Amino acid sequence: MVFSFRKRPAMEGISAASTTSNDAADITGAGALDTLKHFEKRHKLDPNLPIEELDDVNAVLATGNAVKGAQIETTFLEENSPYPEVSAAVKNHDVDLPANTIRAWVIGIILCTVGSAINMLFSLRNPSVQITTYVIQLVAYPIGLAWDLGFPDRQFTIWGISFNFKPGKFNFKEHAIIVVMSNAAYGGGVLYATDVLIAQQVFYKQHFGWAFQLLFGITTLCTGYGLAGLGRRFLVWPAAMIWPSNLVNASLFYTLHDHSPSDPVRTNGWSISRYRWFLYVMGGGFVWYFFPGWIFQGLSYFTFICWAAPKNVVVNKIFGGLHGYGLLPTTLDWTVVSGYALSPLIPPFHAVANTIAGVMIFFVIVSMGLHFSGTWYADYVVVQSSNAFDNTGAVYNVSRILNEDLTFNEEKYHQYSPLFLSTQFALSYGLSFAAIAAVIVHVLLYHGKQIVTQFKLARKQEDDIHMKLMRKYLDAEDWWYFILFAIMIGLSFVVCCAWPTGFPAWAYVVCILIPLVWTIPIGIVQAITNVQLGLNVLTEFIIGYMLPGHPLAMMIQLEDLKLGHYMKVPPRVMFWSQLVASVWSAIVQVVVMNWALGTIPNVCEDDQPDNYTCPNGRVFYTASIIWGAIGPARMFSRDAVYSSLQWFWLAGAIAPVITWFLARRAPKSMFGFARSINMPVVFGGPGMIPPASAYTYLCWGTVGLVFNYFIKRKWQGWWLQYNYITSAALDCGLLISTIIIFFTLYLTSAQLPKWYGNYDVFNTLDQTGMAIKSFVANGQTFGPSTYVASRCPSPLPPIL
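Residues numbered from 1 in each chain as written. Predicted model: local features only at pLDDT ≥ 70, side-chain atom pairs only at ≥ 80, totals over all residues. Heavy atoms only, no water.

Engineer: Please clarify how the overall build of the protein chain should be interpreted in this entry.
Structural biologist: Along its length, the protein chain carries 35 helices and four strands. Buried positions account for 58% of the 800 residues belonging to the protein chain. Accessible area for the protein chain stands at about 32200 Å²; split by element, carbon and sulfur atoms hold 63% of it. (Helix = DSSP H or I, 4+ residues; strand = E, 2+ residues; numbered from the N terminus. Buried < 20%, exposed > 50% of the residue type's maximum accessible area, 1.4 Å probe, protein only. Areas by Shrake-Rupley, 256 points an atom, 1.4 Å probe, with all protein chains shown as cover.)

See the structure below:
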């Protein structure tokens, strides 16, 4: 099979009316049954497809009722998406509106520049604040309306080029372009390369100049973009790839641009418009966050049992939310609920259930058995921490295993200590191993045939209404993305080899092969469940030093492509807007980083007066030493403390085979449950532990259970109309409140209200990180008597 660059068929003018009337009239009974048969095979194990719809298809196929089959085919494939969440959030028709306008580009570039600069600057500070795309989506709307007030709707011509500053009212397609540009620029946080550059420049005392920094930053963002574009046929075009978080963005776009009231018949009696509901919830969330964010901070980790017994080790281990297991999860802070796993209103219930199953099985039940039995010397450390520890229970001091030139010293390592992890941290590595293995096996079993089919058919695959509507636009051809990918690969080799990075070309080839293999499997899981699995552990494990495989950039680009697909933005406009925003944002962030490092006094020092301590760069530096110098061999090899975690590779590979056979053989009464089991999500869904905790995931899962199970089942009309808008409103209210508190209170060094709810509630063993069973006496240590030695001394880890 050879990869081919297929051109799109001739442009087709498609509208909702033509799709629902003309096409339906041409459907033959036999053709409808064949289509439904194919549909049933592809979607039988799709957990997002309502089981009732699948039962209707099976009933028609069993009876051979061609008339009924034609009706169902028209409903599922012609009139709307077969997924109720998509049909409720995304319009099933296209509106002919301009998208590639001066207005969209100017506002998009300005917000891309401002957001990139602010995020980069404040990423150097602890605590930090981040401008997210939800903020941009909100801010862009009044800016677009203000633009309409300042410019005339008039055609200008200069040197034969015609243009209009205001081609009609500011519309949702332009709005989508602006948000896509910001998301491409900093949707995953600040430019990942800046963490490396800060570690290199500040801690390793290396500075390769502007050319290196700019090329490194641009290739970091744009290599993933080229690869993402080549994966569209698998991860964007198919209807089953719903990308749940995009439904929130789509709902917010339509809400801001359409203020019409809701139909009470369809919304369980509610007639309030989504726009007004959004404003009410956002306003309420904004006001409320001043309580957990400033007035009563104990509302965040509302572990009242620990407040009652602040010095009881066992109580703080079991019920502590920060360093313990967090049983009886209670919080009144949306930050705790959505801070790590994002809003629980977004993922479908089966994703929430699989994730919480993973938390309960591994991070509560298994972890308790390991921790309270003293496995991995757990008596000397807390249940959970993001830190690594030495054999006295203190935080691991990396400087004690380095020479003066920052190279690794094997003798000092043996004189000091092996590295120890908290129980949750150690388990997180095992589950990462399992998730990496499980996602490959799961996708091959559940989606293998569909991937082959989509590869062969390209854009002529089974279309839902949205794919049909997008056919009217010229596509960004595959070779565009291929050339971009090839250019970025070439520039990446230049970055590795033209400067003394210590990073060999072969290692970069390995780093590229990993996402080439795992992008589609990980993308499929995220597109279906809204759960992203990371590749950083795999890359660290294979290469043996800190060079995280960073799939987030590729997933963001794919997510944006699907958002453009939903909003009917022309693909070529999407291509150029993402590419330009990515390149420009990389330049802006590198410039701001260098300005800050050269201007802010004592920047990146622990005692910097304004807290510009460079937390991300410092974490990267520490991790690069740990993984590059100590390395996985000393942690996971046969005689190492954590060698038993290697069994998770096998468990991850076997588990999807069991669930696949279960789903195919389950009786009808159990089929819905069996097809919803997703082992990559069970293993990898709690992937943010640590720094997240079981407590935060249990709070997240509780809210997800309420909205996506109970409310959706009992008041489905309300859920379809208001759920995603509620999610967006809660996030936006929190973000605006956080930004105001940060700039008006924290930056002005204002004092917290002095009372029990802001001070005494944090004087528990859990909050202070002291819920530890045993402490070693002065001069004594714990751990193995001999260390695992490497086969050869490890040099300073490469900076890239």
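Engineer: Looking at this model, I keep getting lost on the nonpolar core. Mind explaining?
Structural biologist: Nonpolar side chains in soluble globular proteins tend to end up buried together. The biggest cluster of nonpolar side chains holds 106 residues, and the ones touching the most others in it are Y134, M241 and F278. At 13 residues, the largest contribution of residues to this core is made by helix α34 (residues 716–746). If you look at the next biggest cluster of nonpolar residues, it comprises 94 residues, including F122, V202, A434 and W700. (Core = buried A, V, L, I, M, F, W, Y, C linked by side-chain atoms within 4.5 Å.)

Engineer: Would you take a moment to explain the packing of aromatic side chains for this structure?
Structural biologist: When we look at a pair of aromatic rings, we describe it by the centre distance and by the angle of the planes. Inspection of the entire model under this criterion finds 43 aromatic pairs. Summarising the aromatic geometry, the rings of W270 and Y722 are spaced 5.5 Å apart at their centres and angled 55° between planes, so their arrangement reads as tilted. Placement of the pair is W270 in the loop between α13 (244–257) and α14 (274–288) and Y722 in helix α34, with a sequence separation of 452 residues. Plain terms: the ring middles of F349 and Y709 are 4.8 Å apart, the flat faces sit at 40° to each other, and that makes the pair tilted. Here Y709 lies in helix α33 (residues 694–714) and F349 lies in helix α19 (residues 349–372), a separation of 360 residues in the sequence. F349 gets classed as partly exposed once you look at its relative accessible area, which sits at 27%. A connected cluster of aromatic rings, assembled from ring pairs, spans W479, W480, Y481, F575 and W576. Its end group placed over the ring of W719, K712 keeps NZ or CZ at 4.6 Å from the ring centre. (Phe/Tyr/Trp six-rings, centres within 6.5 Å; stacked < 30°, edge-to-face > 60°. Lys NZ or Arg CZ within 6 Å of the ring centre and 35° of its normal.)

Engineer: Got a minute to help me understand the state of the cysteines in this structure?
Structural biologist: By definition, a disulfide links two cysteine residues through a covalent bond between their sulfur atoms. Applying the stated criterion to the full structure yields one disulfide. Disulfide partner of C604: C614, at an S-S distance of 1.8 Å. Across the S-S bond of C604 and C614 the torsion is about -70°, and the bridge reads as left-handed. Of the two residues, C604 is situated in the loop between α27 (571–599) and α28 (615–630) and C614 in the loop between α27 and α28; the sequence distance between them amounts to 10 residues. For C604, a relative accessible area of 3% corresponds to the buried category. This cysteine, C497, is not joined by any disulfide, and C496 carries the nearest cysteine sulfur, 5.7 Å off. (Disulfide = S-S within 2.5 Å.)

Engineer: Which parts of the structure should I look at to understand the pattern of salt bridges?
Structural biologist: Pairing is possible between side chains of opposite charge, provided their charged atoms come close. Taken as a whole, this structure holds five salt bridges when the rule is applied. Here D148 ties to R103 by a salt bridge, and the two come within 2.5 Å at their closest N and O atoms. With D148 in helix α8 (residues 133–150) and R103 in helix α7 (residues 102–123), this pair connects stretches of sequence that are 45 residues apart. For the pair D148 and R103, one class covers both residues: buried. For the salt bridge of D475 with R232, the shortest nitrogen-to-oxygen distance reads 3.1 Å. Taken as a pair, D475 in the loop between α22 (465–470) and α23 (478–498) and R232 in helix α12 (residues 232–235) lie far apart in primary sequence, 243 residues in all. Like R232, D475 is buried. Where salt bridges share partners, they join R103, D148 and E174 into one cluster. (Salt bridge = Lys/Arg side-chain N within 4 Å of Asp/Glu carboxyl O.)

Engineer: Honestly, α34 in this entry has me stumped. Any pointers?
Structural biologist: Residues separated by three or four positions in an α-helix point in the same direction, a consequence of the helix having 3.6 residues per turn. If you check α34, its first and last C-alpha atoms are 42 Å apart, about what 31 residues at 1.5 Å a residue would give, namely 45 Å. Within α34, the axis deviates most sharply at Y722, by approximately 45°. (Expected span 1.5 Å × (residues − 1). Bend = angle between axes of the 7 residues up to and from the residue.)

Engineer: What exactly am I supposed to notice about the packing of α13 against α14 here?
Structural biologist: Describing two packed helices takes the angle between their axes plus the distance from one axis to the other. Taken N-terminus to C-terminus, the directions of α13 and α14 make an angle of 110°; their axes are 8 Å apart at the nearest point. For the element pair α13 / α14, the angle class is roughly perpendicular. Of α14, the residues touching α13 (which contributes S251, L252, Y254, T255 and L256) are R274, Y275 and F278. In terms of residue class, the contact of α13 with α14 is made up of five nonpolar, two polar and one charged. (Axes fitted to C-alpha atoms, helices over the stretch in contact; angles between N-to-C directions. Parallel < 35°, antiparallel > 145°, perpendicular 65-115°, else oblique. Contact = heavy atoms within 4.5 Å. Nonpolar A, V, L, I, M, F, W, Y, C, P; charged D, E, K, R; others polar.)

Engineer: What am I meant to see in the side chain of H175 here?
Structural biologist: Mapped onto the elements of the fold, H175 is located in helix α9 (residues 172–186). Discounting residues that sit within four places of it in the chain, H175 has contacts with Q137, A140, Y141, F170, F253, L256 and H257.

Engineer: What should I look at first to understand helix α24 (residues 505–529) in this one?
Structural biologist: With 25 residues, α24 should reach 36 Å at 1.5 Å per residue; the first-to-last C-alpha distance of 36 Å fits that figure. The largest bend in α24 is about 45°, located at W518, with the proline P521 one to four residues further on. Backbone geometry just downstream of α24 places N530 in the positive-phi region, at approximately 70°.

Engineer: What's the story with a positive patch on the surface in this structure? I'm lost.
Structural biologist: A grouping of K37, K41, K44, K449, R664 and R665 is seen on the molecular surface, where their side chains present a positively charged patch. You can see R664 is positioned in helix α30 (residues 647–665). R664 sits in the partly exposed class, given a relative accessible area of 45%. (Patch = residues over 30% accessible without salt bridge, like charges linked within 9 Å, V, L, I, M, F, W, Y side chains within 5 Å. Lys, Arg positive; Asp, Glu negative; His and termini not counted. Charge placed at Lys NZ, Arg CZ, Asp CG, Glu CD.)

Engineer: Honestly, the environment of G69 in this entry has me stumped. Any pointers?
Structural biologist: The topology assignment puts G69 in helix α5 (residues 66–79). Relative accessible area serves as the criterion here: at 0%, G69 is assigned to the buried category. Between the alpha carbons of G69 and K37 there is a distance of 10.0 Å; along the sequence they are 32 residues apart. Not counting residues up to four positions away in its chain, the partners in contact with G69 are A32, L33, L36 and V60.

Engineer: Please clarify how a nonpolar patch on the surface should be interpreted in this entry.
Structural biologist: Together, I102, V106, I110 and V114 line one region of the surface with nonpolar side chains, adding up to about 280 Å² of accessible area. Residue placement: V114 occurs in helix α7. You can call V114 partly exposed: its relative accessible area is 41%.

Engineer: Which parts of the structure should I look at to understand the confidence of the model for the protein chain?
Structural biologist: Detailed reading of the predicted coordinates is not advisable wherever pLDDT falls low. Per-chain confidence: the protein chain averages 81 in pLDDT, with 86% of residues scoring 70 or above. Here residues 1–27 is modelled with pLDDT under 50, and outside its nearest four sequence neighbours on either side it reaches 58 contacts, counting other chains as well. Segment residues 545–555 is flagged for pLDDT under 50; beyond a separation of four residues in sequence, or across chains, it makes 44 contacts in the model. (pLDDT = per-residue confidence, 0-100.)

Engineer: Quick question: what am I supposed to make of the packing of α7 against α9 here?
Structural biologist: Between α7 and α9, the least distance of the axes is 9 Å, while the angle of their chain directions is 30°. Considered as vectors, α7 and α9 are oriented roughly parallel to each other. As for how α7 packs across α9, the hand of that crossing is right-handed. Between α7, through R103, A104, W105, I107, G108, I109, L111, C112, G115, S116 and N119, and α9, the contact on the second element is made entirely by E174, I177, I178, M181, S182, A185 and Y186. Classifying every residue of the contact of α7 with α9 by side-chain character gives 11 nonpolar, five polar and two charged. (Left-handed = near helix turned anticlockwise from the far one by under 90°.)

Engineer: Mind showing me how you'd approach unusual backbone geometry here?
Structural biologist: Here the bond from P690 into P691 is cis, since omega is 15°, no more than 30 degrees from zero. Despite not being glycine, W243 has its phi angle at roughly 50°, a positive value. Classification of W243 as buried rests on a relative accessible area of 1%. Look at C604: it is not a glycine, yet its phi comes out positive at around 75°.

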